[in-house]
Amino acid sequence: MLRKSRPFKLGTEKSSSEEMENCSSHLLLCRLASLLLVLQLPTWASADEFLVIGPWEPVVAVLGGDATLPCSLSPASSAEDMELRWFRGRFSDAVLVYRNRREQSAELMAQYAGRTSLVTGGLALGEAAVRIRHVRASDHGMYTCFFRKGAFYEEATLELKVAGVGSAPHVRIDGPEDGGVRVLCTASGWFPKPQVQWRDVSGERFLGFSEAHAQDAEELFSVEAALVVRDSSVGNVTCSVLNPVLGQEKATAVFIPEPFFPQASPWKPAFAVTMVTLGVLLFGAGYFIQRERATKLQERQEGEKLRREKEEDRKAREQARKAGDELQADLERRKDAYMVAWRKAQLYADWRTEQFQAWSVTLNAGSAHSNLAISQDKKSVTWSDTCVDSQGIFSVRGLEGIPSGRCYWEVEVRHGDNCQWALGVCREDVKRTEWHRECPEKGFWVMGRYDDGYRACTNPDLTTELRLRQAPHRVGVFLDYSEGDVSFYNMTDGSHIFSFPPASFSGTLFPYFRLMSGDVSLTLCSVVGGPKGLPVPHHISSSLEEPESSPGEGFGSGSGVGGAPPGVESPLLPCGPEAVPV
């Protein structure tokens, strides 16, 4: 396993003296840590472990010359069979690679190809160095030397400071500026960024001057410094350019003759006073004219605003009165439409219970098929334990008939989600001794769960599929005898299940219950207190008038039989879940 090396992150290169001081401080801390490790090495290091030590101080090289970056092993041991690498920032940015006792030039960065070589004189003693020829400004910065032997490796960081002294400053008088003389100093070919100073004859520095630097393609700095001299007695001024790494300085002086300074003119102060006075007078006159104009404009705007407000107020009152009249008329129209349409609309179950009488239903045990068992209180029907007769329809009627009026009752369906059952109303004279489809034509108005889902039997050849939000566990049956309406509601959430098309009833109608398969039971519930749960709306109808009903038009679960629209929908009343004829 390779020992994990300490990562080194190369930051953005800076050429200022502040950056160099920071790099030197960082390098010094690294060297102190290395020294402490060297002192501790004999106590913990194995025979194959070592420490790599670089130079304590930054290595300084002059532009165009050579630079040597040395590293050594501690404790001293031969590095001839080790892998050595000097790189910049990333491990792959190789400056020199030594492996298998020879340099691997193919792995070097392009800018170091042919410019680096390994100093091998001290390899046997664990000392190695890379020599960089023809040093460039781009060589300036941090380096890492990497030594590896087998699975163990170590590395050290070192800094190379590149310095170059460029041309002597060129100083010239640029001309008059801001009551003085502008002097310009330029120099080029310096690295790193040079420091510029202006001095007078006595050596005092000028602090107020501008300075601009630029780098060429070889990263060498050029500088341009401008000084404005306003004291005509200064005489000579000197521009000096200093290399902060080498401490070398080049300076050039220039003499500024007194006639170069602009002469004071006696009429200038008087002209300035006159212009200021004239400006004050013009400003005062303009201020008063503008103020008077603004006052008149404000009065005119306020008058126009008052007139608009009165007109808007009059229009608002008129619109409010008109809206009130329209609202009152709309409310009257909605009230009339509701009173006409509520009987035929698919109301929520709790709304319909207010208009229907709760009907107490008792099962007629004498009408029950022999395979059905009636509870002792005659409120529940289930399968009998001894089922022997398979002829006829396994059904039972209610004991009390309904000859007229509006009434409703509720039936609890237990274990009915996967079983077959049906419930509703039937005529007194229906035939239940032989099997046939229970539909209005045969005297039945029923819905329930069949083999392929919940359905309502609308005629001998057609059933309507009921797409319900949830399986009904408590079904409300609503019978409006005079209107010929039979509707079913899910009393758990109050939603509408299905409504048969209007029929013309004759004779007495009876509650009807049928079991077909499965462990299902139908139990008559007490309807004291109304339906359970809150109604869940589907949508609000926008129709306000009662349309004419056509023959065969019915009230389905969102649509009538055969896809026809519901006959009447009241405003503010919801439609039930969708029913699809099949």
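Residues numbered from 1 in each chain as written. Predicted model: local features only at pLDDT ≥ 70, side-chain atom pairs only at ≥ 80, totals over all residues. Heavy atoms only, no water.

K.L.:
I keep staring at the overall build of the protein chain and nothing clicks. Help me out?
P.N.:
Along its length, the protein chain carries 3 helices and 33 strands. In the protein chain, which comprises 582 residues, the share counted as buried stands at 42%. Within the protein chain, contacts between residues separated by at least 24 positions form 65% of all contacts whose residues are at least 6 apart in sequence. Working note: accessible area of the protein chain is about 31,100 Å², and carbon and sulfur atoms make up 53% of it. (Helix = DSSP H or I, 4+ residues; strand = E, 2+ residues; numbered from the N terminus. Buried < 20%, exposed > 50% of the residue type's maximum accessible area, 1.4 Å probe, protein only. Contact = heavy atoms within 4.5 Å. Areas by Shrake-Rupley, 256 points an atom, 1.4 Å probe, with all protein chains shown as cover.)

K.L.:
What exactly am I supposed to notice about the sheet that holds strand S7 (residues 116-119) here?
P.N.:
The strands that make up a sheet pair up through hydrogen bonds in the backbone, lying either parallel or antiparallel. Pairing is antiparallel in the open sheet, where 4 strands are placed in the order S1-S3-S8-S7. Edge positions in the sheet fall to strand S1 (51-53) and S7, since each of these pairs with one other strand and no more. Going across the sheet, the axis of each strand differs from the next one's by a mean of 20°, ignoring polarity. The pairing of S7 with strand S8 (residues 127-132) spans 4 bridges and is antiparallel. Bridge assignment links Leu118 to a residue of S8, and that residue is Val130. (Pairing = 2+ DSSP bridges. Axes fitted to C-alpha atoms, helices over the stretch in contact; angles between N-to-C directions.)

K.L.:
Looking at this structure, I do not really get the pattern of salt bridges. What am I missing?
P.N.:
Side-chain pairing between opposite charges can occur once the charged atoms of the two side chains come close. Tallied over the full model, the rule gives 26 salt bridges. The shortest N-O distance in the salt bridge between Arg101 and Asp81 comes to 2.7 Å. Placement of the pair is Arg101 in the loop between strand S5 (94-99) and strand S6 (102-103) and Asp81 in the loop between strand S3 (67-74) and strand S4 (83-87), with a sequence separation of 20 residues. A salt bridge links Glu107 to Arg99; its shortest N-O distance comes to 3.0 Å. (Salt bridge = Lys/Arg side-chain N within 4 Å of Asp/Glu carboxyl O.)

K.L.:
Help me out: how do you make sense of the state of the cysteines in this one?
P.N.:
Each disulfide is one covalent bond, formed between the sulfur atoms of two cysteines. In total, this model carries 2 disulfides according to the counting rule given. Covalently, Cys71 is tied to Cys145 through a disulfide, its sulfur atoms 2.0 Å apart. Disulfide Cys71 to Cys145: torsion about the S-S bond roughly -90°, handedness left-handed. Highlighted residues: Cys71 in strand S3 and Cys145 in strand S9 (residues 141-149), separated in sequence by 74 residues. What makes Cys71 buried here is its relative accessible area of 3%. Within the protein chain, bonded cysteines paired by disulfides and numbered along the sequence follow the pattern 1-2, 3-4. There is no disulfide at Cys457, and the cysteine sulfur nearest it, in Cys439, is 7.2 Å away. (Disulfide = S-S within 2.5 Å.)

K.L.:
Looking at this model, I keep getting lost on the sheet that holds S9. Mind explaining?
P.N.:
Spatial ordering of the open sheet is given by S2-S10-S9-S4-S5-S6, a layout of 6 strands whose pairing is mixed. Pairing within the sheet leaves two strands with one partner each, and these edge strands are strand S2 (59-62) and S6. Of the pairings in the sheet, the one linking S5 to S6 comprises 2 bridges and is antiparallel in character. Along S6, the bridge assignment pairs Arg99 with Arg102.

K.L.:
How do you make sense of the UniProt feature "transmembrane region" (unreviewed entry) in the protein chain when you look at a structure like this?
P.N.:
This chain's UniProt record puts "transmembrane region" (unreviewed entry) on residues 270-289. Along residues 270-289 the backbone is 100% helical and 0% strand, and the end-to-end C-alpha distance reaches 29 Å. (UniProt positions renumbered as here; feature names shortened; annotations may be inferred.)

K.L.:
So what exactly am I meant to see when it comes to the pairing of strand S23 (residues 406-414) here?
P.N.:
Look at any regular strand and the pattern is simple: side chains alternate between the two faces of the sheet. Direction of pairing for strand S19 (residues 357-358) relative to S23: parallel, over a ladder of 2 bridges. Bridge assignment links Gln357 to a residue of S23, and that residue is Cys407. By the bridge criterion, 7 bridges tie S23 to strand S28 (residues 474-480) in an arrangement that is antiparallel. Its bridge partner being in S28, Trp409 is matched across the sheet by Val477.

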